[in-house]
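Working through the structure, step by step
So you can see what is in the structure, the chains are spelled out below.
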Amino acid sequence: MESRLARIDAIIDAMSGATQASRWTYEALTADAGWLKVRQLAREALTELAGTWQQPLPTLGIYGGSQQPPRAN
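Anyway, here's the lowdown on the structure attached to this text. From a predicted model like this one, the values you see are computed outputs, not experimental measurements.

As for the pattern of salt bridges
For the structure on display, the rule yields 3 salt bridges. Among the salt bridges present, the one from Arg 4 reaches Glu 48, with a minimum N-O distance of 2.6 Å. Here the residue Arg 4 occupies a position in helix α1 (residues 2-14), and Glu 48 occupies one in helix α3 (residues 33-50), the gap between them amounting to 44 residues. Via salt bridges that share partners, Arg 4, Glu 44 and Glu 48 belong to a single interconnected network.

As structure tokens, this is what we get:
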């Protein structure tokens, strides 16, 4: 799991800074490939931590344009 967390940290570091500000907009958070990778790695880490826990995790997806992610109730 530590390698997944280190990869998440490295991806976020690469997407940080003034020159990467556009990657931190709402649209980018939902559509950027870097954020999709972060979500995938976080999901893997959570699954590893959960062990035999059987509750479903949120679905992963890329949303673009005017399409919004589904809202949790």
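There is more to say, and it comes next.
Looking at the nonpolar core
Ranked by size, the top nonpolar core spans 6 residues in total: Ile 8, Ile 11, Met 15, Trp 35, Val 38 and Leu 41. Contributions of two or more residues to this core are made by α1 and α3. Ranked by the residues each element gives to this core, the list is headed by α3, at 3 residues. Setting aside its immediate chain neighbours within four residues, Ile 11 contacts Gly 34, Lys 37, Val 38 and Leu 41.

A closer look at α3
Here α3 is 18 residues long and its end C-alpha atoms lie 25 Å apart, about the 26 Å a rise of 1.5 Å per residue gives. Considered for burial, the residues of α3 that qualify are Gly 34, Trp 35, Leu 36, Val 38, Leu 41 and Ala 45. For α3, the elements touching its buried residues are α1 and α2 (26-31). One side-chain oxygen at the N-terminal end of α3 lies 2.7 Å from the backbone nitrogen of Gly 34; it belongs to Asp 32. Where α3 ends, the next residue or the one after it, Gly 51, has phi of about 60°, a positive value.

Looking at the packing of α1 against α3
The N-to-C vectors of α1 and α3 enclose an angle of 160°; their axes lie 9 Å apart at closest approach. For the element pair α1 / α3, the angle class is roughly antiparallel. Pair α1 / α3 crosses with left-handed handedness. Of α3, the residues touching α1 (which contributes Arg 4, Leu 5, Arg 7, Ile 8, Ile 11 and Ile 12) are Gly 34, Trp 35, Lys 37, Val 38, Leu 41, Ala 42, Glu 44, Ala 45 and Glu 48. Its residues assigned to classes, the contact of α1 with α3 shows 9 nonpolar, 1 polar and 5 charged.

Criteria and thresholds
- Residues numbered from 1 in each chain as written.
- Predicted model: local features only at pLDDT ≥ 70, side-chain atom pairs only at ≥ 80, totals over all residues.
- Heavy atoms only, no water.
- Salt bridge = Lys/Arg side-chain N within 4 Å of Asp/Glu carboxyl O.
- Helix = DSSP H or I, 4+ residues; strand = E, 2+ residues; numbered from the N terminus.
- Core = buried A, V, L, I, M, F, W, Y, C linked by side-chain atoms within 4.5 Å.
- Buried < 20%, exposed > 50% of the residue type's maximum accessible area, 1.4 Å probe, protein only.
- Contact = heavy atoms within 4.5 Å.
- Expected span 1.5 Å × (residues − 1).
- Polar contact = N/O pair within 3.5 Å; in protein donor to acceptor, adjacent residues only side chain to side chain.
- Axes fitted to C-alpha atoms, helices over the stretch in contact; angles between N-to-C directions.
- Parallel < 35°, antiparallel > 145°, perpendicular 65-115°, else oblique.
- Left-handed = near helix turned anticlockwise from the far one by under 90°.
- Nonpolar A, V, L, I, M, F, W, Y, C, P; charged D, E, K, R; others polar.

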